[in-house]
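# Summary of structural features
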Amino acid sequence: MAIGNANGAGLPPGENLRRQFERDVLAGLSTPQKALPCKYLYDETGSKLFEAICDLDDYYLTRTEAAIFNRALNEMASVLGRQAVLIEPGAGNCEKAEPLLAAMKNPRAYYPLDISPEILLEAQQRIQQRLPQLEIAPIFGDFTGDEVWGRLPPSAARQVIFFPGSTIGNFSHEQARELLIRFAGQLNPGDGLLLGADLVKDSVVLERAYHDSNHVTEAFNKNLLSRINSELNGDFNTEAFAHRAFYHSFRQRVEMHLVSLVEQQVSVAGRQFQFAEGETIHTENSHKYTLPGLQELLRETGFSPEKYWTDNNQHYAIYFAQIR
Ligand code: AVJ
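Remember, it's a predicted structure, so these values are computed and weren't measured experimentally.

## Brief notes about unusual backbone geometry
Here the phi dihedral of C94 falls at roughly 60°; this positive angle occurs in a residue that is not glycine. Take C94: it is sitting in the loop between β2 (85-89) and α4 (97-103). If you check the backbone angles, H215 has positive phi at about 65° while not being a glycine. For H215, the position within the fold is in the loop between α8 (203-210) and α9 (216-231).

See below:
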């Protein structure tokens, strides 16, 4: 077999991803507002740091969502109905699906989708031990592309897409619409979506969650620079950048940036980039929703919002919607 062509086929595994990373970083550092795609924050170190963020007192999202699930699990299970198929895009360690599957009435199957096989296979074993009757079929790939969805087994049973964790917040409103339309395309009338989203709230609470006093989010943000240094032969001095996170109330999102503390030049993959003092790299968005905003998003994308659960402070919501 011939090795290597213009498409990068035949390259060692990981090389295509590295090249894509390089293209995205060089392009992102070349625009007037420097910006990097937030998905690159989640390499192995970044994912571990994100898990540490989830345990922080300042980061209310994870525990608030967990408490809503805990309290409403049986009600959710009955809304999902008997013998439903649960599909989870970006499932990761499947920690949120496990109690839900255990509460559901004779779930037909669980299809977790994720780019990371190791974590998914480990989760499959764990859940299979607890629920031996359940069919679990992990599907590896990027859920924002078409290709993975084509590999889902067709099903006559009721399907429910499970999308917790405020992952939707990483997407712009435009991208969120596209994503939900993609979800809808996978579903039939009467099928469901269980969606977790963080709500608009006091900016002090929001900013503390993304600028925590333990500096874990700072480490998470700066890890992107270390990753560029090691994978793309960069020479970022992580000390010369500061973590910044602020709530942009008009855009209803927390923006995460890295601020250059001095005027400096940085080299990445043989190319030079200038930073003025105070210039930033925009590294992540975390969109916040209002309940009416969520309902509108659902309606616009072919869903009919049926029921939601929230905490007493209305900091976070889990929405159940059906395909019209
Ligand atoms: C993984 C997108 C839900 O936006 O709250 C947390 C990512 N970034 N702290 C979020 C994140 C910094 C997180 N999501």
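This is not the end of the story, as more comes after the structure.
## Considerations on the pattern of salt bridges
Any two side chains of opposite charge can pair, so long as their charged atoms come close to each other. The final tally for this structure, using the stated rule, is 20 salt bridges. The residue R130 makes a salt bridge to E98 at a minimum N-O spacing of 2.9 Å. Here the residue R130 occupies a position in helix α5 (residues 117-130), and E98 occupies one in helix α4, the gap between them amounting to 32 residues. Overall, E98 belongs to the buried group, its relative accessible area being 11%.

## Points about the nonpolar core
Judged by nonpolar contacts, the single largest core of 66 residues is most densely connected at L86, Y110, L194, F236 and V268. The element best represented in this core is helix α3 (residues 60-80), accounting for nine residues. Not counting chain neighbours up to four residues away, the residues in contact with Y110 comprise L86, E88, A91, C94, A97, L101, I127, L134, E135, I136 and A137. Membership of the second largest hydrophobic core comes to 35 residues, among which are I139, W149, I161 and L294.

## Quick notes on the packing of helix α7 (residues 173-186) against helix α10 (residues 291-300)
For the pair α7 and α10, interaxial distance at closest approach is 9 Å and the crossing angle is 50°. Taken together, the axis directions place α7 and α10 in an arrangement best described as oblique. In this structure, α7 meets α10 at a crossing whose hand is right-handed. Only L297, L298 and E300 of α10 make contact with α7, whose side of the interface consists of A176, R177 and L180. Partitioning the contact of α7 with α10 into residue classes produces four nonpolar, no polar and two charged.

## Details of the site of the ligand
Of all residues adjacent to the ligand, which total 14 residues, the nearest are Y59, G165, Y210, E284 and S286. Between S286 and the ligand, the recorded distance is 2.6 Å, taken from a side-chain N or O atom to an oxygen atom. Alone, the ligand offers 350 Å² of accessible surface; in the complex the protein occludes 97% of this. Those elements that provide at least two residues to the shell around the ligand are α2 (44-54), α9 and β12 (280-287). For the shell around the ligand, the residue count by class is eight nonpolar, five polar and one charged.

## Brief notes about the sheet that holds strand β1 (residues 34-35)
Read across the open sheet, the four strands follow the order β1-β12-β9-β8; overall the sheet is mixed. Here the strands that pair on one side only, and so sit at the sheet edges, are β1 and β8 (241-248). As judged from the two bridges shared by β1 and β12, these two strands associate in the parallel manner. Bridged to A35 within β12 is H282.

## Side note on α2
An α-helical turn contains 3.6 residues, so any two residues separated by three or four positions project in the same direction. Taken residue by residue, α2 has G46, L49, I53 and C54 as its buried positions. Seen along its axis, α2 keeps its buried residues to an arc of 150°; they face one direction. Seen from the buried face of α2, the exposed residues on the opposite side, beyond 90 degrees, are E44, K48 and E51. Contact partners of the buried residues in α2: α3 and α9.

## A look at the confidence of the model for the protein
Confidence in the prediction for the protein averages 95 pLDDT; 97% of positions are at 70 or higher. Counting contacts from residues 1-7, a segment whose pLDDT is below 50, to residues more than four positions away or on other chains yields four contacts.

## Observations regarding the packing of α2 against α9
Geometrically, a packed helix pair is captured by the angle between its two axes and the distance between the axes. Where α2 contacts α9, the axes come no closer than 9 Å and their chain directions differ by 160°. In terms of orientation, α2 lies roughly antiparallel with respect to α9. The interaxial crossing formed by α2 with α9 has left-handed handedness. For the pair α2 and α9, contact is made by T45, G46, L49, F50, A52 and I53 and by V216, T217, A219, F220 and N223, respectively. Residue classes in the contact of α2 with α9 are distributed as seven nonpolar, four polar and no charged.

What counts, and where the lines are drawn
Residues numbered from 1 in each chain as written. Predicted model: local features only at pLDDT ≥ 70, side-chain atom pairs only at ≥ 80, totals over all residues. Heavy atoms only, no water. Helix = DSSP H or I, 4+ residues; strand = E, 2+ residues; numbered from the N terminus. Salt bridge = Lys/Arg side-chain N within 4 Å of Asp/Glu carboxyl O. Buried < 20%, exposed > 50% of the residue type's maximum accessible area, 1.4 Å probe, protein only. Core = buried A, V, L, I, M, F, W, Y, C linked by side-chain atoms within 4.5 Å. Contact = heavy atoms within 4.5 Å. Axes fitted to C-alpha atoms, helices over the stretch in contact; angles between N-to-C directions. Parallel < 35°, antiparallel > 145°, perpendicular 65-115°, else oblique. Left-handed = near helix turned anticlockwise from the far one by under 90°. Nonpolar A, V, L, I, M, F, W, Y, C, P; charged D, E, K, R; others polar. Near = heavy atom within 4 Å. Polar contact = N/O pair within 3.5 Å; in protein donor to acceptor, adjacent residues only side chain to side chain. Areas by Shrake-Rupley, 256 points an atom, 1.4 Å probe, with all protein chains shown as cover. Pairing = 2+ DSSP bridges. Arc of directions from axis to C-beta. pLDDT = per-residue confidence, 0-100.

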